[in-house]
Structure formats: C-alpha cells, structure tokens
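Survey of secondary and tertiary structure
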Amino acid sequence: LNYDGTRVLHADMKRNNEAFSLTGVLHHSGAFDFTGALRGFDLEGLRAFVRNPELAQPGEGFRGSVNADAHLSGSTSAPILAFTATSDSVHFRQSRIGAFDAKILYDSMLAKIDLKVSSDRTSPAPTLTVSGTVPVNLAFSGVSARFPDEPQDLRVVSQGFDLSVLDPLVGEVDDLSGKLVC
C-alpha cells in the first residue's frame, strides 16, 4: 500500500504441478494494471464450477492441464484484457478433445476471439476454429446490457468436432452429442 494505491509486487501460489502468479497495481483512481500466469492447471478443478452434479463427479468432466496468461488493465468502467490459453491434451469424459490454443483480446466493448482445437499439435488442420469479434460489455459496474444488440462477426469452421464437450457449458441442453461439420 502506498499513495498510488495497492501494489502486488509478486504473488505466487503453488499446488502440486499447478502454479499461479500475479503482479500489478490498483490505483486509488480505479485504474488498474495486472498480469497473471497460470501453469499446469488441472482441468478437473473445473468441477467446482459445473452446475450439473453428474459432471461434478471425478472422471466425468474435463481432464488435462492448461497454461494461461492474462493482462488486465484500464479501469472498472473500461477494462482492457489480453488472454491466452494453451493445452496439448484435453479430454471430456472419455472423449479426447486434443490440443487447443485460445486468444481473446478485449477493448472498447469488443472481444476479438481466436480459438483453434486440433486432435494433436501435429495435425495439419484443426477440428474446430472459432474466430471473429463479439460486442460485449465487460465493465465491472453500471452495465445495463452485457451483450449489446450490435452486429457480431464470428466464424465457426469444424471438421468433426465432438459436440458433447459443449454439454456442461450450455445450460439449456442436456446430453448434447454428435459431430459438428461446417
């Protein structure tokens, strides 16, 4: 703590092969600048956030590990975010999803998304690609419409992506299955 605000010089948390680090500052004005890194995050930890009790059981959700980096700056009314995540081997239930690379850049109420999922790192073509922009208001307060009624530009290309992976993420459907080709 000082006259500029609250500063995190370097915070580290470790558990087994997982590690989380954070640095940054929260100014008295409400402006902030934080950088975080997550290494070796065990995806089975997502069970704590899944609403479906069946998927919260061991072995019924996601498995694998993820590395992620995030930089959050700006202010509570106009945040700026850069997020990347990668994994070499992700499974859902007994289905292998494979490797993925995700990148999200957010500024001025617009999220730029670039997601690629491949059966493995050596695959010539991804099984799923999602790219484009989505209007969204990620302000921390004073948001009347999180997703404003504005045009989106989102492209989805798939060569047999397993739809059962989306089952825990889409609350409106149960037992989603099939392959997406588009």
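Residues numbered from 1 in each chain as written. Predicted model: local features only at pLDDT ≥ 70, side-chain atom pairs only at ≥ 80, totals over all residues. Heavy atoms only, no water.

Moving on, we come to the overall build of the chain. For the chain, the count of helices and strands is 0 helices and 10 strands. Counting from the amino terminus, helix and strand elements in the chain follow one another as β-β-β-β-β-β-β-β-β-β. Based on the C-alpha atoms only, the size of the chain along its principal axes is roughly 55 × 45 × 35 Å. Among the 182 residues that make up the chain, the fraction classed as buried is 29%. For the chain, the proportion of contacts with a sequence separation of at least 24, taken over those separated by at least 6, is 37%. Accessible surface, the chain as shown: approximately 11400 Å² in total, 57% of it carbon and sulfur. Of the charged side chains in the chain, 16 are positive and 22 negative, and the gap between their average positions amounts to 4 Å. (Helix = DSSP H or I, 4+ residues; strand = E, 2+ residues; numbered from the N terminus. Buried < 20%, exposed > 50% of the residue type's maximum accessible area, 1.4 Å probe, protein only. Contact = heavy atoms within 4.5 Å. Areas by Shrake-Rupley, 256 points an atom, 1.4 Å probe, with all protein chains shown as cover. Lys, Arg positive; Asp, Glu negative; His and termini not counted. Charge placed at Lys NZ, Arg CZ, Asp CG, Glu CD.)

Oppositely charged side chains can form a pair if their charged atoms are brought close together. Scanning the entire structure with this criterion turns up 6 salt bridges. A salt bridge links D101 to R121, with the nearest nitrogen and oxygen atoms 2.6 Å apart. Residue D101 is located in strand β6 (residues 95-107), and its partner R121 is located in the loop between β7 (110-118) and β8 (128-135); the two are separated by 20 residues in the primary sequence. (Salt bridge = Lys/Arg side-chain N within 4 Å of Asp/Glu carboxyl O.)

This brings us to the side chain of T129. Along the polypeptide, T129 turns up in strand β8. Judged by its relative accessible area of 16%, T129 is buried. Dropping the residues within four chain positions of it, T129 is found in contact with L115, K116, R155, V156 and V157.

Turning our eyes to something else, we now look at the sheet that holds β7. Sheet architecture is open: 10 strands sit in the order β1-β2-β3-β4-β5-β6-β7-β8-β9-β10, paired in antiparallel fashion. This sheet does not close on itself; its edge strands, each paired only once, are β1 (5-15) and β10 (179-181). The mean angle between the axes of side-by-side strands here comes to 15 degrees, regardless of whether they run parallel or antiparallel. In the sheet, β6 pairs with β7 via 9 bridges, with the strands oriented antiparallel. Across the sheet, I104 pairs through a bridge with I113, a residue of β7. (Pairing = 2+ DSSP bridges. Axes fitted to C-alpha atoms, helices over the stretch in contact; angles between N-to-C directions.)

On to the pairing of β7. For a regular strand, the rule is simple: side chains alternate between the two faces of the sheet. Turn length for the β6-β7 hairpin, with the two strands adjacent in sequence and antiparallel, is 2 residues, and the turn residue S108 shows positive phi of about 55 degrees. Sheet topology note: the β7/β8 ladder contains 8 bridges and is antiparallel. Across the sheet, residue K116 finds its bridge partner in β8, namely T129.

Pairing of β8 with strand β9 (residues 153-162) involves 6 bridges; the strand directions are antiparallel. Along β9, the bridge assignment pairs T133 with D153. As paired strands, β9 and β10 are joined by 3 bridges and run antiparallel to one another. Along β10, the bridge assignment pairs F161 with L180.

So, on to the packing of aromatic side chains. Aromatic rings in a pair are described by how distant their centres are and how their planes are angled relative to each other. The tally for this structure, following the rule as stated, stands at 2 aromatic pairs. Consider the rings of F32 and F140, whose centres lie 5.8 Å apart with planes at 80 degrees: the pair is edge-to-face. With a gap of 108 residues between them, F32 in strand β3 (residues 32-42) and F140 in the loop between β8 and β9 connect regions that are remote in the sequence. The class for F32 is buried, based on a relative accessible area of 8%. Arranged with centres 5.0 Å apart and planes meeting at 45 degrees, the rings of F62 and F92 form a pair that is tilted. (Phe/Tyr/Trp six-rings, centres within 6.5 Å; stacked < 30°, edge-to-face > 60°.)

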